[in-house]
Amino acid sequence: MNENDFKILNLHTKIERNKKLSKQLKVVAFACLFFSICYCLGAKNIENIDKGNVIAVNLVWIISVIVLIGIYVKDSYCVKNNKDCELDIYRLEVEDLNDRKEIAKITGEILPDNVLNRKIDMPNEKVSLPIIYYSILLGIDIILRIYLLINNIL
């Protein structure tokens, strides 16, 4: 294995790590929303809602929204970082192929057909951010807030 192969292997490792982190962030975002719903609706069932409970419910809801937005930003960073890694892998593979062809041309070697005819596909430039997932979670959180306001809890 040459140096480019190690770089490509390292980039593949980064991509897998980012995919795993992205899945974990989605689970944490859902858990945050679940906790917010349980806490806010649990406070609704308390018969005597005092000023302290109202402040706590508001604080939990605000923290939930901020955490969801923060997790979305981190998840978007992971997706963009994966796209950068894919482009780096493409660049390294193209450079390696061109170097092999140039070395073969200089030394007079005949490269096998699978190397000469190798076509390296450029990765798709489109970046798909997880907007829909986090929009749904944030929408549910906002609906919870509207429900609490309609029922005169806050």
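Our structure's up above, just so we're on the same page.
This one's a predicted model, so the numbers in the text were calculated from it and none came from an experiment.

Draft legend 1. Inspection of the state of the cysteines at higher detail. For the structure shown, the criterion picks out zero disulfides. Cysteine Cys40 shares no disulfide, and the gap to the nearest cysteine sulfur, in Cys38, comes to 9.6 Å. For Cys40, a relative accessible area of 0% translates into the label buried.

Draft legend 2. Examining the pattern of salt bridges more closely. In the structure shown here, the tally under the stated rule is five salt bridges. Where Lys26 meets Asp75, a salt bridge forms, and the shortest distance between an N and an O atom there is 3.5 Å. Of this pair, Lys26 sits in helix H1 (residues 3-44) while Asp75 sits in helix H2 (residues 51-107), and the two are 49 residues apart along the sequence. With a relative accessible area of 0%, Asp75 lands in the buried category. For Lys83, the salt bridge goes to Glu86, with nearest N and O atoms at 3.2 Å. Taken together, the residues Lys83 and Glu86, both in helix H2 and three residues apart, mark about one turn of the helix.

Draft legend 3. Spatial organisation of helix H4 (residues 131-150). The end-to-end C-alpha distance of H4, which contains 20 residues, comes to 28 Å, matching closely the 28 Å that a straight helix rising 1.5 Å per residue would cover. For H4, the full list of buried residues reads Tyr134, Leu137, Asp141, Leu144, Arg145 and Leu148. Projected down its long axis, H4 shows its buried positions confined to an angular sector of 95°, all on one face. Seen from the open side of H4, the exposed residues pointing more than 90 degrees away from its buried face are Ile132, Ile143 and Ile150.

Procedures and definitions
- Residues numbered from 1 in each chain as written.
- Predicted model: local features only at pLDDT ≥ 70, side-chain atom pairs only at ≥ 80, totals over all residues.
- Heavy atoms only, no water.
- Disulfide = S-S within 2.5 Å.
- Buried < 20%, exposed > 50% of the residue type's maximum accessible area, 1.4 Å probe, protein only.
- Salt bridge = Lys/Arg side-chain N within 4 Å of Asp/Glu carboxyl O.
- Helix = DSSP H or I, 4+ residues; strand = E, 2+ residues; numbered from the N terminus.
- Expected span 1.5 Å × (residues − 1).
- Arc of directions from axis to C-beta.

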